[in-house]
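Below, each chain spelled out in residue letters.
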Amino acid sequence: MSNYKIHTATELWQKETCLPSIPTFSQNLDHILGNGGVQLGSLTEVLGLPGTGKTQLCLQLCASVQIPKVLSGLNAEALYIDTNTNFTPTRFKEILTASLLKCQKIEPSYLFNEEEALDRLHYINAFGIEKFCACMNRISVFVAEHPRVKLIVIDSITFPFKEGISVQKRTGLLFRQMADLQRIAMEGLVAVVLVNEMSTRLGLSGGAVVGSLGDAWAHRCNKRLLLSNPSELGGSRLALLLKSNNAPNLVAKFQITREGIRDS
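Residues numbered from 1 in each chain as written. Predicted model: local features only at pLDDT ≥ 70, side-chain atom pairs only at ≥ 80, totals over all residues. Heavy atoms only, no water.

## Quick word on the overall build of the protein chain
From N to C terminus, the protein chain includes 8 helices and 13 strands. The C-alpha atoms of the protein chain give 18 Å as radius of gyration, which agrees with the globular expectation for 264 residues (18 Å, within 12%). Counting contacts in the protein chain only where the partners sit at least 6 residues apart, residues at least 24 apart contribute 66% of the total. Entry remark: accessible area of the protein chain is about 13600 Å², with carbon and sulfur atoms responsible for 54%. (Helix = DSSP H or I, 4+ residues; strand = E, 2+ residues; numbered from the N terminus. Rg over C-alpha atoms; globule rule 2.2 N^0.38 Å. Contact = heavy atoms within 4.5 Å. Areas by Shrake-Rupley, 256 points an atom, 1.4 Å probe, with all protein chains shown as cover.)

Structure, rendered in structure tokens:
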């Protein structure tokens, strides 16, 4: 007989609500995400048109995961899988330093070494489908060897599958990889953030801009966050929570500054 345990709804609720989260440094964004940020043990999809701040949000989360425990942070590390050469070391260093200096301002006893802080981000260039699949095949081993890694960013999940692969093969690969990521997230209590792009879906009455990879993909993540370009709101951007397993659909204003993600 299979070895399994039956849980009560109370036990599941207690487990879900006690999991820590990685803050975005925007209270508005943290509020609509429903857990004070991106929760460990979950998969979060960030999608939007080019220039909406998807990579900037990911860089902020990679910095935020290092918030010290004295400030109720995780004091952890991150893994950044770059499939589209979006990662910029100079920009990450700028956001990281600003974020940790803000922590130091709140708690003067907190001291950090910039070089050591940079070492807490692990970076993989996974440009091309072969490199990406090789990386995904090793990701569970990497997490097991680096237990302090509590955030995995894939920027973007779409890019490796743009050319040279059939839709059927792409779907099979993606769903197997998603199953692996879900297992890593739940068993290792790791937050997984997946960047997705937008595509045009043609219909009888015209076209609509939707997230790439199809409708089936849209149900694989725990949360989907859609970002918009700056509007006439004084440079503010909007984030819409399209889907969540524990929060209503809400909209939040935020902005991207030199120091990173902040409230408008």
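## Quick look at the pattern of salt bridges
For the coordinates displayed, the defined rule picks out 6 salt bridges. Here arginine 91 makes a salt bridge to glutamate 94, at a shortest N to O gap of 2.7 Å. You can see arginine 91 and its partner glutamate 94 sitting in helix α4 (residues 89-106), 3 residues apart, about one turn around the helix. For glutamate 94, a relative accessible area of 29% corresponds to the partly exposed category. Here arginine 258 makes a salt bridge to glutamate 94, at a shortest N to O gap of 3.0 Å. With arginine 258 in the loop between β12 (251-257) and β13 (260-262) and glutamate 94 in helix α4, this pair connects stretches of sequence that are 164 residues apart. On the basis of relative accessibility, which here comes to 62%, the residue arginine 258 falls in the exposed class. Via salt bridges that share partners, Arg91, Glu94 and Arg258 belong to a single interconnected network. (Salt bridge = Lys/Arg side-chain N within 4 Å of Asp/Glu carboxyl O. Buried < 20%, exposed > 50% of the residue type's maximum accessible area, 1.4 Å probe, protein only.)

## Topic: helix α7 (residues 167-188)
Helix length check: α7 (22 residues) gives 31 Å between terminal C-alpha atoms against 32 Å at 1.5 Å per residue, within 8%. All buried positions along α7 are accounted for by Leu173, Leu174, Gln177, Met178, Leu181, Ile184 and Ala185. For α7, the angular spread of the buried residues around the axis is 135 degrees, confining them to a single face. Exposed residues on α7 whose side chains face more than 90 degrees from its buried face are Gln168, Arg176, Met186 and Glu187. (Expected span 1.5 Å × (residues − 1). Arc of directions from axis to C-beta.)

## With respect to the packing of aromatic side chains
According to the stated counting rule, one finds 6 aromatic pairs in the structure shown. Each ring, one from tyrosine 110 and one from phenylalanine 112, has its centre 6.0 Å from the other, and the planes form 20 degrees; the classification is stacked. The exposure class of phenylalanine 112 is partly exposed, given its relative accessible area of 23%. On the numbers, 5.9 Å between centres and 85 degrees between planes, the contact of phenylalanine 132 with phenylalanine 161 is edge-to-face. Highlighted residues: phenylalanine 132 in helix α6 (residues 129-145) and phenylalanine 161 in the loop between β6 (149-155) and α7, separated in sequence by 29 residues. Owing to a relative accessible area of 0%, phenylalanine 132 belongs among the buried residues under this scheme. Ring pairs connect the aromatic residues Tyr80, Phe87, Phe92 and Tyr123, which therefore count as one cluster. (Phe/Tyr/Trp six-rings, centres within 6.5 Å; stacked < 30°, edge-to-face > 60°.)

## Some words on the packing of α6 against α7
Packing of α6 against α7 leaves a shortest axis separation of 10 Å and a crossing angle of 15 degrees. Comparing the axis directions of α6 and α7 gives the class roughly parallel. When the axes of α6 and α7 are compared, the crossing they make is left-handed. Across the interface between the two elements, Phe132, Cys133, Met136, Ile139, Ser140 and Val143 from α6 touch Leu173, Gln177, Leu181, Arg183 and Ile184 from α7. When its residues are assigned to classes, the contact of α6 with α7 shows 8 nonpolar, 2 polar and 1 charged. (Axes fitted to C-alpha atoms, helices over the stretch in contact; angles between N-to-C directions. Parallel < 35°, antiparallel > 145°, perpendicular 65-115°, else oblique. Left-handed = near helix turned anticlockwise from the far one by under 90°. Nonpolar A, V, L, I, M, F, W, Y, C, P; charged D, E, K, R; others polar.)

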